[in-house]
Amino acid sequence: MGYAHEYADAVLHRGRVPMEPADFVPDWPDGPRRGKFYPGVESYTLPDGDDLADAPAWAGLLPRPGGGPSAADPAGPTGVPGGFTLPLLSAMLKDSYGLTGRRLGIQANSDLSGLPSYTHANWSRGTAGGGGLYPVGVYWASGPSGPLTPGIHYYDVQRHAVQRLLTGDVTARVREALGQDAPAEALETDQYLILGVKYWQTAFKYNSFGYHVVCTDVGTLVQTWRIWAAAHGLRTAPVLWFDEPRLNGLLGTVGEEEGVFAVVPLRWDGDGTVPRTAVADGPDPAVRHRDVERSRTVIAFPTVLAMHATTVAGAAERPAPRALAPAAARPVPAGGTRVPLPAPAFPEVPVRRVLRSRRSSFGRFDAADPVTPGQLSSVLAACAATSLGGEADPDGTLQQVRLYAFVNHVQDIAPGAYVYDPDAGDLALVVPGPQGAFLQENYFLANYNLEQAGVVLVPTVRTTAVLDAVGDRGYRLAVGTAGAVAQTFYLAASALSLGAGVALGFDNVSFVERLGLEGTAEAPLLIMPLGNERPGPADFRHEIA
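Values in this document were obtained by computation on a predicted structure and should not be read as measured data.

## Re the overall build of the protein
Next, step 1: Within the protein, the secondary structure is distributed over 15 helices and 17 strands.
Next, step 2: For a compact globule of 545 residues, the expected C-alpha radius of gyration is about 24 Å, and the protein comes in at 22 Å, within 12% of that figure.
Next, step 3: Referenced to the eigenvectors of the C-alpha coordinate spread, the extents of the protein come out at roughly 70 × 55 × 50 Å.
Next, step 4: Here the protein holds 545 residues, and 60% of them are scored as buried.
Next, step 5: Counted over contacts in the protein with a minimum sequence separation of 6, partners at least 24 positions apart contribute 81%.
Next, step 6: If you sum the accessible surface of the protein, you get close to 20,300 Å²; carbon and sulfur atoms cover 54% of it.

What follows is the structure, given as structure tokens:
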């Protein structure tokens, strides 16, 4: 067993045994930026994409024949071309990670007192971020088939622009870094989105737990792209195994400070021919511009460094396509007390509206207005169908997540803890009776009254089984899958006009004990309350996009 097993165990038990350094206190005034700052680089404003025909979100949320959102019809519900264009890519970036509004609502989160100050403003995005920190940097490596001068560009979320960091076509080197056994779609294009994670941007708050958080963040962003692309008749799938040090070299970043977590190939619109350039002899070119750090003091946490090292070792040793099969979610046994659910269905809500309205409820749930069985069924079906895809699950059909539902206030369903059976489309009772006291006793923060939520969903992933199947790098996949489920949950709730939240601060072991998961390798990684909110909330909201 590698170091990732130790880290997974520490994360699972951190509610009872604090992760080192246990006495760490964040230096909030000296925190890093929520993004990167490259002074003196060329910047190109991207088109808004607001004139694009919007697409219904259900096309990316509901399970579809052949493997969920990744199996989108190439023709597409909006009749878009067979590949990305600059307006489509720009719209996807803006809808997913770009700043779209400022929010200040009367709610129960602990940061509320600072938000009226402009310097502490809460700028909303379509994608959820752990602690609202958004540590993922998006780089666009563009070749000759693209609309810009070939090079490497960084997506500036504040200005919705790309900044050219390097001029020249390096996509042949990206392909080499991905390896000859990479998925065909990764080798037949010269357009790539490269996702880098700056560890300090999260570790300054979460210290050693920060590595877990950034894995979740990568999953939320990748899943937003999968849902957005599927709604527009396109497909995105991340590549997770590649020569990571070589890509760090191209980006001019230091691996111990910024890890490259995923590469997302883009099929570009055109005649299907991609100009191929040979890789010249000699060393790779590299970005010379450097991000200027805001923090005066940057701390390197040994646990984060160790997790980076163990997940980079063997990073180019790609697992076989069905390697994850032994780590699949356990099937729900037949029998027991069963509660049937209606067939899942989502309204015709545009995916952009769903993304723009996504937010956390932070204590605004109202038990007087229960969730309907149809709403619960739709959210459960969407979450259960979630898969990051990629080379370990190329069809997106392997079910990695098991979903438990702690029912508080759902019409015609008695309170209790249930497991969702996606094959039968129903709930199987695990623990009868009200669960509100248990939920609240094992939650660390004060920003949610979990008993007021209609239901609290708990996704589990067999994390250690994933590590046994594909090695330590699989930690990024396992926790990224949980992040993808969280993003699906948020967007499904938004499409149904329900309140939602996702939290990491709970006693994971208590849920293992409550649900009888000892010895199954199932790790409860998130709790996700869902419900209707109190009417007429006091809220300030200013759209900027």
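## Some thoughts on the sheet that holds strand E7 (residues 191-198)
Next, step 1: Read from one edge to the other, the open sheet built from 6 strands follows the order E1-E6-E5-E4-E7-E8, with strand pairing classed as antiparallel. The sheet terminates laterally at strand E1 (42-45) and strand E8 (258-265), the two strands that pair on one side only. On average, each strand axis in the sheet is inclined to that of its neighbour by 30°, with strand direction left out of account.
Next, step 2: Strand direction decides the pairing type here: E7 and E8, joined by 7 bridges, are antiparallel. Directly across from Gly-196, in E8, lies its bridge partner Val-260.

## Here's the deal with the packing of helix H4 (residues 171-178) against helix H8 (residues 244-251)
Next, step 1: One can describe the packing of H4 onto H8 by two numbers: an axis separation of 9 Å at closest approach and a directional angle of 160°. Our classification of the angle between H4 and H8 gives roughly antiparallel. The hand of the H4/H8 crossing is left-handed. Counted together, Arg-173, Val-174, Glu-176 and Ala-177 of H4 and Arg-246, Leu-247 and Leu-250 of H8 form the full contact between these two elements.
Next, step 2: A class-by-class count of the residues in the contact of H4 with H8 yields 4 nonpolar, no polar and 3 charged.

## Thoughts on empty space enclosed by the protein
Next, step 1: Inspection of every chain in the model, using the stated rule, returns 3 cavities of 30 Å³ or more.
Next, step 2: Quantified by volume, the largest cavity comes out at close to 90 Å³.
Next, step 3: As for the largest cavity, its lining consists of 15 residues, and the residues nearest its centre are Gly-35, Tyr-134, Val-136, Gly-137 and Tyr-154.
Next, step 4: Only strand E4 (136-142) and strand E5 (151-156) provide two or more residues apiece to the lining of the largest cavity.

## With respect to unusual backbone geometry
Next, step 1: The omega torsion across Glu-20 and Pro-21 is -5°, close enough to zero to call that bond cis.
Next, step 2: Checked against the element boundaries, Pro-21 lands in the loop between helix H1 (3-12) and E1.
Next, step 3: Non-glycine residue Asn-207 carries a positive phi angle of around 45°.
Next, step 4: Looking at the element boundaries, Asn-207 is found in the loop between helix H6 (200-206) and helix H7 (210-231).
Next, step 5: Residue class for Asn-207 comes out buried when judged on its relative accessible area of 10%.
Next, step 6: The backbone of Ser-497 shows a phi angle near 60°, a positive value even though the residue is not glycine.
Next, step 7: Along the chain, the position of Ser-497 falls in the loop between helix H14 (474-495) and strand E14 (499-500).
Next, step 8: According to the relative accessible area criterion, Ser-497 is exposed, its value standing at 64%.

## Section: the side chain of Asp-393
Next, step 1: With respect to the helices and strands, the residue Asp-393 is situated in the loop between helix H11 (373-384) and strand E10 (401-407).
Next, step 2: No salt bridge is formed by the buried Asp-393. Its closest oppositely charged neighbour is Arg-322, at 4.5 Å.
Next, step 3: Within the structure, the side chain of Asp-393 is placed 3.0 Å from the side chain of Ser-387, a separation counted as a polar contact.
Next, step 4: With residues up to four places along the chain from it excluded, the contact list for Asp-393 reads Pro-321, Ser-387 and Leu-398.

## Some remarks on the packing of aromatic side chains
Next, step 1: Overall, the coordinates contain 21 aromatic pairs when judged by the stated rule.
Next, step 2: Note on Tyr-7 and Tyr-475: the rings are 5.4 Å apart at their centroids and 75° apart in plane angle, and the pair reads as edge-to-face. Of this pair, Tyr-7 sits in helix H1 while Tyr-475 sits in helix H14, and the two are 468 residues apart along the sequence. Of the two residues examined, Tyr-7 and Tyr-475, each falls in the buried class.
Next, step 3: Members of the aromatic cluster, each reached through a chain of ring pairs, are Tyr-7, Tyr-199, Tyr-211, Phe-261 and Tyr-475.
Next, step 4: The ring of Tyr-97 is capped by Arg-125, whose NZ or CZ atom sits 5.0 Å from the centre of that ring.
Next, step 5: A cation sits over an aromatic face here: Arg-125 above Tyr-134, 4.0 Å from the ring centre.

## So, the nonpolar core
Next, step 1: With 144 residues, the main nonpolar core has Phe-84, Phe-406, Leu-427 and Tyr-475 as its most contacted residues.
Next, step 2: Counting residues per element, this core draws most heavily on H14, which supplies 14 residues.
Next, step 3: Core analysis: the next-biggest nonpolar cluster, separate from the first, contains 24 residues, Tyr-154, Ala-177, Leu-178 and Val-239 among them.

Calculation notes
- Along each chain, the written sequence defines residue order, and numbers are assigned to residues from 1.
- pLDDT decides what is reported in this predicted model: residues at 70 or higher carry local features, side-chain atom pairs at 80 or more are listed and counted, and totals for whole chains, interfaces and linings draw on all residues regardless.
- Each side-chain value is worked out from all heavy atoms of the structure, with water and hydrogens disregarded.
- Secondary structure is summarised from DSSP: a helix means a run of H or I of at least four residues, a strand means a run of E of at least two, and numbering begins at the N terminus for each.
- Taken over C-alpha atoms, the radius of gyration is set against a globule rule of 2.2 Å times the number of residues to the power 0.38.
- Three exposure classes are used, based on accessible area relative to the maximum for each residue type with a 1.4 Å probe and protein chains only: buried under 20%, partly exposed in between, and exposed over 50%.
- Should any heavy atoms of two residues lie within 4.5 Å, those residues are counted as being in contact.
- Note on areas: Shrake-Rupley, 1.4 Å probe, and residue coverage restricted to the protein chains presented here.
- At least two bridges found by DSSP between two strands are what make those strands a pair.
- Each axis is a line fitted through C-alpha atoms, and for a helix only the stretch in contact is used; angles between axes span 0 to 180 degrees, taken between their N-to-C directions.
- Orientation labels follow simple angle bins: below 35 degrees gives roughly parallel, above 145 gives roughly antiparallel, 65 to 115 gives roughly perpendicular, and whatever is left gives oblique.
- By convention the crossing between two helices is left-handed if the near helix lies anticlockwise of the far one by an angle smaller than a right angle, and right-handed if it lies clockwise.
- Each residue is assigned to one of three groups, with Ala, Val, Leu, Ile, Met, Phe, Trp, Tyr, Cys and Pro labelled nonpolar, Asp, Glu, Lys and Arg labelled charged, and all others, Gly among them, labelled polar.
- Only protein atoms enter the 1 Å grid used here. Points where a 1.4 Å probe fits but cannot escape make up a cavity, open sets with protein on both sides within 12 Å along at least five of seven lines make up a pocket, and a residue lines them when an atom lies within 4 Å of a point.
- Grid points are joined across faces, edges and corners, and a volume is the space filled by probe spheres set on the points.
- In this count, Lys and Arg are taken as positive residues and Asp and Glu as negative ones, while His and the chain termini are left out.
- By definition, a salt bridge exists where a carboxyl oxygen of Asp or Glu is found within 4 Å of a side-chain nitrogen of Lys or Arg.
- We call two N or O atoms a polar contact when they sit within 3.5 Å, provided that within protein one can donate a hydrogen and the other can accept it, with sequence-adjacent residues counted only if both atoms are side-chain atoms.
- Here a pair means two rings of Phe, Tyr or Trp (six-membered ring of Trp) with centres within 6.5 Å. Their orientation is stacked below 30 degrees between planes, edge-to-face above 60, and tilted elsewhere.
- Only Lys NZ and Arg CZ are tested; either one counts as a charge over a ring when it is within 6 Å of the ring centre and within 35 degrees of the ring normal.
- Here, nonpolar core refers to any group of buried Ala, Val, Leu, Ile, Met, Phe, Trp, Tyr and Cys residues whose side-chain atoms link them within 4.5 Å.

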